[in-house]
Amino acid sequence: MSGYDGQTYRPKYHEDLVHSEITLPPNAPKEYADRATLWNTVELSEKGQKSQLARMLKASLPNEWSYELAEEVVRDYVQRNFVDKGMCADWAIHDSENDKGQRNLHIHVLLTMRPLTENGEWGAKTKKVYVLDENGERVPLIDKKTGQQKVNKRNRKQWKCQTVESTDWNSMENAKMWRKDLADTINATNEQLGIAVHWEHRSFKEQGIDKEPTIHIGATANALERKGIQTERGNINREIMERNMRLEQAKATLELAEQKVHSVQYAKIRNAAVSVKNEVLEIIAKVAERKGRLDLPIVNGKHLRKISDRTALQSVDNAEKFITARRIDSFESLMKFTVDKEQKYQQLDTVHLSKGQKLNRLKELSKMYALYAPVQAAYKESESLKGLTKIKYDKEHKDSLSKYPELKARMQSLLQQGEKITPKQWKAEIQSLQSEYDSISKEKSKTATELAYAEVISYNKKNFERELHNESRQHNKQQSKARNRGRKKFDKNVIEI
């Protein structure tokens with residue numbers, strides 16, 4: 001709730017919310033982790049009517065990412081670029097969907113403008129500093145009338161000052177830097193995942209692409225355009241899009257082909273639902289008839305968060321194949337399937353975690369031994385020598401010998417009680433464990449996908465029933481109003497007679 005006007009504000013697109021979080025620098029008060037507390041204190045710290053309260057950043061993310069991966073990457077990006085600089089960051093991930101069923105995974109980041117002092121209080125946005133000459137000396141403030149240096153009421157000399165920003169957060173270069181870092185982060189993550197899609201932060205002009213970008217239309221003009229009212233900026237964009245039409249012809253042809261395929265898929269689902277009399281398939285077909293695809297339980301999807309290809313989960317054809325292949329004929333059997341798979345997933349997760357911990361420990365031991373082995377060899381060689389030969393050897397291997405005590409202590413700290421250093425055995429165990437770990441990872445991923453399909457189908461049943469109930473209630477409400485109008489008209493006619 002806002003302390004300024006007493007109103008409670010709720011984000012317009014909260015139904016698309018995947019995750020929200022507030023990340024704070026170390027010197028921020030802990031209570032700022034509460035959204036209302038943070039922004040109320042921000043508002044109270046500003047006195048000017050035109051003061052800027054926050055800076056907002058909005059950017060797209062790859063739709064191929066899972067929600068869990070998006071959270072991890074965005075948290076790191078926000079920490080490095082903003083929080084480490086001293087800003088408080090209120091960020092959220094959304095996964096919106098347009099009327100064509102195209103998903104748009106994106107982030108919103110709201111950043112504070114004022115720096116925080118060491119004791120957690122809001123500092124000044126600007127500060128006054130002395131103007132210095134080429135010798136680094138303060139420049140006197142000259143009285144134009146007398147030509148002498150001005151003095152204040154206390155007879156102290158005055159010096160030229162200028163107002164500068166307390167931080168470099170408002171620098172115009174930051175926008176390009178933040179965009180580049182996000183693009184680099186996305187590309188590095190995609191490379192690790194094997195996703196052959198390159199993101200570019202540069203404009204078409206900077207890339208040498210002969211394509212005209214559209215202009216920012218703004219919230220007001222966008223609202224008018226949605227109502228069918230053409231605006232000047234909207235017309236500019238329409239002209240730009242028309243000029244780019246030839247470049248988009250291939251894409252438009254592909255989309256048309258996909259729509260035709262979808263039409264065939266919907267027909268198959270409807271026919272299957274009628275012939276088999278499967279209540280799950282019937283619901284899927286009814287949802288498909290209304291929307292052409294399944295809806296996603298974005299907020300409540302426990303296993304959905306682990307899935308990268310969310311568009312596949314919305315496919316009616318995929319849902320039908322999932323139900324048919326597993327011989328699920330009712331929502332009761334779907335529930336039983338979910339319970340069984342959930343139990344299997346928990347067992348896999350436990351074993352996966354255990355093997356992962358063992359694997360990480362062995363890798364850490366092997367990595368430490370790779371550092372320790374040459375130093376240990378140098379130490380043993382030194383111990384075997386005497387006299388001038390030892391002095392010469394120790395001098396040549398001074399760095400290695402100086403590291404020996406520390407590396408030996410670190411090596412022993414990783415070993416369990418009674419455990420010996422066996423690098424060959426570790427290597428064999430790592431290979432065996434890695435194979436088991438990867439196999440369980442695949443099985444775990446497959447089970448999570450099955451549970452995600454079950455989540456989506458169950459959610460669509462509840463959502464479909466809710467929509468029917470709302471429509472029925474709205475219909476009854478309209479009929480009641482019509483009857484009341486009829487009664488009033490009848491009563492009026494009776495009185496006039």
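The structure displayed is predicted, hence computed values, not measured ones.

Caption draft 1: Representation of the sheet that holds strand S2 (residues 54–60) within the structure. Spatial strand order, S1-S3-S4-S2: 4 strands in an open sheet with antiparallel pairing. Two strands close off the open sheet at either side, each with one partner strand: strand S1 (17–23) and S2. On average, adjacent strands in this sheet sit at an angle of 15° to one another, irrespective of strand direction. Judged from the 6 bridges that link them, S1 and strand S3 (residues 89–97) form a sheet pairing that is antiparallel. By the bridge assignment, Leu17 is partnered in S3 with His94. Where helix H1 (residues 35–45) meets the sheet, its contacts fall on S1, S2, S3 and strand S4 (103–112), and the angle it forms with S4 comes to roughly 50°.

Caption draft 2: Seen up close, the pattern of salt bridges. Considering all chains together, one arrives at 29 salt bridges under this definition. For Asp184, the salt bridge identified is with Lys180, shortest N-O distance 2.8 Å. Of the two residues, Asp184 and Lys180 are both situated in helix H3 (residues 173–193); the distance of 4 residues between them amounts to about one turn of the helix. Exposure remark for Asp184: the relative accessible area of 37% places this residue in the partly exposed category. Where salt bridges share partners, they join Asp95, Glu97, Arg103, Arg293 and Arg310 into one cluster.

Caption draft 3: Looking closely at the pairing of S2. Here S2 shows a clear split, with Arg55, Leu57 and Ala59 buried on one side and none of Ala54, Met56, Lys58 and Ser60 buried on the other. Both S2 and S4 contribute to a ladder of 7 bridges, which runs antiparallel. Across the sheet, the residue bridging to Leu57 is Val109, located in S4.

Caption draft 4: Local environment of the packing of aromatic side chains. Inspection of every chain in the model, using the stated rule, returns 8 aromatic pairs. Plain terms: the ring middles of Tyr32 and Trp122 are 5.6 Å apart, the flat faces sit at 10° to each other, and that makes the pair stacked. Placement of Tyr32 in the loop between S1 and H1 and of Trp122 in the loop between S4 and strand S5 (126–130) is noted, with a sequence separation of 90 residues between them. There is no split in this pair, since Tyr32 and Trp122 are both buried. Ring centres of Tyr372 and Tyr404 lie 6.1 Å apart, and the angle between their planes is 20°; on these two criteria the pair is classed as stacked. Remark: Tyr404 occurs in helix H13 (residues 398–414) and Tyr372 occurs in helix H11 (residues 331–384); sequence separation between them is 32 residues. Each member of the pair Tyr372 and Tyr404 is classed as buried. Three or more aromatic residues joined by ring pairs make a cluster, and in this case those are Tyr77, Phe82 and Trp178.

Caption draft 5: Spotlight on unusual backbone geometry. The phi torsion at Arg327 lies on the positive side, around 55°, for a residue other than glycine. Summarising the element assignment, Arg327 is placed in the loop between helix H10 (316–325) and H11. Residue class for Arg327 comes out exposed when judged on its relative accessible area of 75%.

Caption draft 6: Layout of the packing of helix H2 (residues 67–81) against H3. Where H2 meets H3, the axes come as close as 11 Å, and the angle between the chain directions of the two elements is 145°. Taken as a pair, H2 and H3 cross one another with a handedness that is right-handed. Facing Leu69, Val73, Tyr77, Arg80 and Asn81 of H2, the residues of H3 in contact are Trp178, Asp181, Leu182, Thr185, Thr189 and Leu193. The class makeup of the residues in the contact of H2 with H3 is 6 nonpolar, 3 polar and 2 charged.

What counts, and at which threshold
- Residues numbered from 1 in each chain as written.
- Predicted model: local features only at pLDDT ≥ 70, side-chain atom pairs only at ≥ 80, totals over all residues.
- Heavy atoms only, no water.
- Pairing = 2+ DSSP bridges.
- Helix = DSSP H or I, 4+ residues; strand = E, 2+ residues; numbered from the N terminus.
- Axes fitted to C-alpha atoms, helices over the stretch in contact; angles between N-to-C directions.
- Contact = heavy atoms within 4.5 Å.
- Salt bridge = Lys/Arg side-chain N within 4 Å of Asp/Glu carboxyl O.
- Buried < 20%, exposed > 50% of the residue type's maximum accessible area, 1.4 Å probe, protein only.
- Phe/Tyr/Trp six-rings, centres within 6.5 Å; stacked < 30°, edge-to-face > 60°.
- Left-handed = near helix turned anticlockwise from the far one by under 90°.
- Nonpolar A, V, L, I, M, F, W, Y, C, P; charged D, E, K, R; others polar.

Any functional reading would require information that these geometric values do not contain.
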